[in-house]
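Listed below, chain by chain, are the residues.
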Amino acid sequence: MSDALNGLVLDELEIVTRADLCGNGWVTPEELDLLASLGVIHGRGQGYPATCLRIVRRAARLKRGLEADWEAVAVIMDLLHEVEALKSELRGLKARERQRLAPGDDPHVFPEDGEPRD
Amino acid sequence: MHYRDYYRIMGLERTASAEDIKRAYRKLARRYHPDVSKEPGAEERFKEIGEAYEVLRDPEKRAAYDRLGSQWQAEQDFTPPPDWRGTHGGGGGPHIFEGQEFSDFFESLFGSGRRGASARGADETAHLTITLEDAFHGATKPVRLTIPQRDAHGRLVPEQRTLNVRIPKGIQQGQQIRLAGQGNPGRAGAGDLYLEIAIAPHPLYRPDGRDLYLTAPVTPWEAALGARLKVPTLAGTVEVRLPEGSQSGQKLRLKGRGMPGTPPGDQYVLIEIVNPKADSEKARELYRAMARDLAFDPRAHWGAA
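Since this is a predicted model, take the numbers as computed values, not measurements. (Residues numbered from 1 in each chain as written. Chains lettered and ligands numbered in written order. Predicted model: local features only at pLDDT ≥ 70, side-chain atom pairs only at ≥ 80, totals over all residues. Heavy atoms only, no water.)

Asker: What exactly am I supposed to notice about the environment of B:A200 here?
Answerer: Residues and elements named next belong to chain B. Looking at the secondary structure, you find A200 in the loop between strand 5 (193-199) and strand 6 (205-208). A residue is classified by how much of its surface remains accessible, and A200, at 28% relative accessible area, is partly exposed. Leave out the neighbours within four places in its chain, and A200 touches T129 and I130. (Helix = DSSP H or I, 4+ residues; strand = E, 2+ residues; numbered from the N terminus. Buried < 20%, exposed > 50% of the residue type's maximum accessible area, 1.4 Å probe, protein only. Contact = heavy atoms within 4.5 Å.)

Asker: Before we go on, may I ask you to explain the nonpolar core in this structure?
Answerer: Side chains that are nonpolar tend, in soluble globular proteins, to be buried together. Counting 57 residues, the largest nonpolar core has A:V27, B:Y6, B:M10, B:L56, B:Y65 and B:L68 as its most contacted members. At 7 residues, helix 3 (residues 51-66) of chain A tops the list of elements feeding residues into this core. Filtering out sequence-adjacent residues up to four positions away, B:L56 remains in contact with B:Y6, B:Y7, B:M10, B:L12, B:I21, B:R62 and B:Y65. Grouped together as the second largest cluster of nonpolar side chains are 38 residues, B:I130, B:I199, B:L212 and B:V218 included. (Core = buried A, V, L, I, M, F, W, Y, C linked by side-chain atoms within 4.5 Å.)

Asker: I'm lost on the side chain of B:S103 in this one. Help?
Answerer: All names here are of chain B. Structurally, S103 is set in the loop between helix 4 (59-67) and helix 5 (104-110). Among the residues examined, S103 registers a relative accessible area of 12% and is labelled buried. A distance of 3.1 Å separates a polar side-chain atom of S103 from the backbone nitrogen of F106. (Polar contact = N/O pair within 3.5 Å; in protein donor to acceptor, adjacent residues only side chain to side chain.)

Asker: What is the right way to read the pairing of strand 5 of chain B from this model?
Answerer: Every regular strand shows the same layout, with side chains that alternate between the two sheet faces. Residues and elements named next belong to chain B. Taking burial as the measure, the 7 residues of strand 5 include 6 buried ones, the bulk of the element. Bridging between strand 1 (residues 124-130) and strand 5 involves 7 bridges; their strand directions are parallel. Its bridge partner lying in strand 5, T125 is registered against Y194. Relative to strand 5, strand 4 (residues 176-179) runs antiparallel, the two being bridged by 4 bridges. (Pairing = 2+ DSSP bridges.)

Asker: Teacher, can you tell me more about the pattern of salt bridges here?
Answerer: Should the charged atoms of two oppositely charged side chains come close, the side chains can pair. The tally for this structure, following the rule as stated, stands at 25 salt bridges over all chains. With a shortest N-O distance of 3.2 Å, B:R26 and A:E67 are connected by a salt bridge. With B:R26 in helix 2 (residues 18-32) and A:E67 in the loop between helix 3 and helix 4 (70-100), the pair connects residues from two separate chains. By relative accessible area, which is 36% here, B:R26 ends up partly exposed. (Salt bridge = Lys/Arg side-chain N within 4 Å of Asp/Glu carboxyl O.)

Asker: Whenever I open this one, helix 3 of chain A confuses me. Can you help?
Answerer: It helps to recall that an α-helix has 3.6 residues per turn; residues three or four apart then point in one direction. All names here are of chain A. Over its 16 residues, helix 3 extends 23 Å from the first C-alpha to the last, a length consistent with the 22 Å expected when each residue adds 1.5 Å. Counting buried residues along helix 3, 12 of its 16 residues qualify, which places the element largely inside the surrounding structure. Of the residues making up helix 3, those classed as buried are T51, C52, L53, V56, R57, R58, A59, A60, R61, L62, G65 and L66. Downstream of helix 3 by a residue or two, E67 has a phi angle that is positive, lying close to 50°. (Expected span 1.5 Å × (residues − 1).)

Asker: Help me out: how do you make sense of the pairing of strand 11 (residues 267-273) of chain B in this one?
Answerer: Residues and elements named next belong to chain B. Most of strand 11 sits out of view: 5 of its 7 residues are buried. With 7 bridges joining them, strand 7 (residues 211-218) and strand 11 adopt parallel strand pairing. Counterpart to L214 in the pairing with strand 11 is V269. Relative to strand 11, strand 10 (residues 251-254) runs antiparallel, the two being bridged by 4 bridges. In the strand pairing of strand 11, L252 is matched with V269.

Asker: Even after reading the chapter, I still don't get the interface of chain B and chain A, so can you show me in this structure?
Answerer: In many analyses, interface size is given as the accessible surface area lost on bringing the parts together. Of the residues lining the interface, 48 residues belong to chain B; the matching set on chain A comes to 33 residues. Together, B:D35, B:R178 and B:R206 form the three largest contributors to the area buried by chain B at its contact with chain A, with a combined 19%. Here chain B and chain A share 4 salt bridges between them. One salt bridge connects B:D35 with A:R58, and the closest N-O pair in it is separated by 3.2 Å. Run the count over chain B and chain A and you get 15 residue pairs in polar contact (both at pLDDT 80 or more). Its residues assigned to classes, the side of chain B that touches chain A shows 22 nonpolar, 13 polar and 13 charged. Relative to strand 4 of chain B, strand 1 (residues 8-9) of chain A is paired through 2 bridges, and the arrangement is antiparallel. Looking at strand 4 of chain B, one finds that A:L8 is bridged to B:R178. (Buried area = accessible area lost by both parts, 1.4 Å probe. Nonpolar A, V, L, I, M, F, W, Y, C, P; charged D, E, K, R; others polar.)

Asker: Hey, could you run me through the packing of helix 3 (residues 42-56) of chain B against helix 4 of chain B in this one?
Answerer: When two helices pack together, their arrangement is given by the angle between the helix axes and by the axis-to-axis distance. Residues and elements named next belong to chain B. In the contact formed by helix 3 and helix 4, the axes pass within 6 Å of each other and the chain directions differ by 100°. By the angle between their axes, helix 3 is roughly perpendicular relative to helix 4. In this structure, helix 3 uses E54, V55 and L56 to contact helix 4, whose residues at the interface are K61, R62 and Y65. Residue composition of the contact of helix 3 with helix 4, grouped by class: 3 nonpolar, no polar and 3 charged. (Axes fitted to C-alpha atoms, helices over the stretch in contact; angles between N-to-C directions. Parallel < 35°, antiparallel > 145°, perpendicular 65-115°, else oblique.)

This is the structure we're talking about:
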């Protein structure tokens with residue numbers, strides 16, 4: 001097997017340049033500026049957080065695939081972001097629920113004596 | 001090579017108008033675009049739709065495709081007619097998915113659809129599920145990929161590849177690692193590989209960002225009187241002082257004991273008081289003694305209900 005490959009972790013700490021974001025043909029420098037003006041990406045100093053690589057790639061895929069304009073792409077990206085945040089929260093809540101319950105327990109089943117009565 | 005029925009792929013009659021084709025594409029794109037779709041196999045389906053649209057939206061390509069006739073069945077073995085004169089006009093329209101490769105069928109009729117700047121290989125996304133321990137300590141993991149390569153005849157053939165990828169410590173659920181040049185090959189260089197990390201659910205710890213949550217079951221007397229608990233962390237067991245008078249739902253914070261990072265996360269120990277079963281006369285007597293001797297009403301704040 002080959003030597004281990006090191007990649008770039010796309011997180012907020014790593015910084016990439018405009019050239020990194022435009023160099024793979026997803027967007028032109030003008031489109032990148034438009035995405036920034038629409039609030040889809042936010043620059044940091046002279047560059048952008050590496051998470052923007054993922055955002056720009058996704059925005060370009062949505063634009064091409066859905067034949068949408070950049071303004072619509074910005075709305076879709078916002079909504080997708082919100083859906084993902086909610087899914088992540090739900091995953092956390094489910095994991096919490098799983099931990100809280102011993103196997104076989106079901107929170108929705110009341111013991112007979114505890115059944116709410118009118 | 002197999003014949004592709006582009007009309008069937010797009011759910012269209014052969015008589016469909018340009019407007020019908022556009023409408024069908026938009027409808028299918030909304031359903032199968034991998035960034036918004038929940039359908040299984042959406043990416044493959046979307047590429048197929050993209051290729052069909054590439055042909056049917058272009059009057060020249062569509063006319064050439066129609067000249068093949070309507071007697072062909074989807075997936076039927078296909079060789080272009082000997083006198084085939086397709087169109088090799090521009091390909092890789094704006095909707096084409098990250099410089100995707102077209103099928104052999106498409107290329108036999110229209111040549112490679114990719115032109116100019118888009119001749120860089122397509123980027124690829126792969127998914128890797130790791131354990132929380134791997135995410136904490138960092139690890140080197142094999143990633144198996146199927147990447148299409150061109151054989152000696154220029155045909156696309158799937159090739160299995162295994163990459164050994166270093167996973168840095170502190171990686172989080174859903175984060176991506178970009179491996180430059182490890183995507184699909186292309187005339188102007190290979191695309192990149194985006195490796196998306198998932199962390200398998202852990203039986204003990206629940207991650208929330210860089211923080212970890214662990215539920216610690218404790219006895220009523222440990223909670224009431226205080227205790228020293230041996231608590232597992234991903235870096236090993238630590239001793240934690242449980243203050244007297246602790247209650248279920250309270251949290252103890254172990255600063256910096258969460259996932260590595262700048263700054264590192266914390267580990268929270270969630271206290272959960274577990275009552276011993278009253279399954280013997282001795283146990284029941286102890287509970288009765290508590291009921292007698294401890295003037296305790298946890299529902300006092302309800303008032304006289």
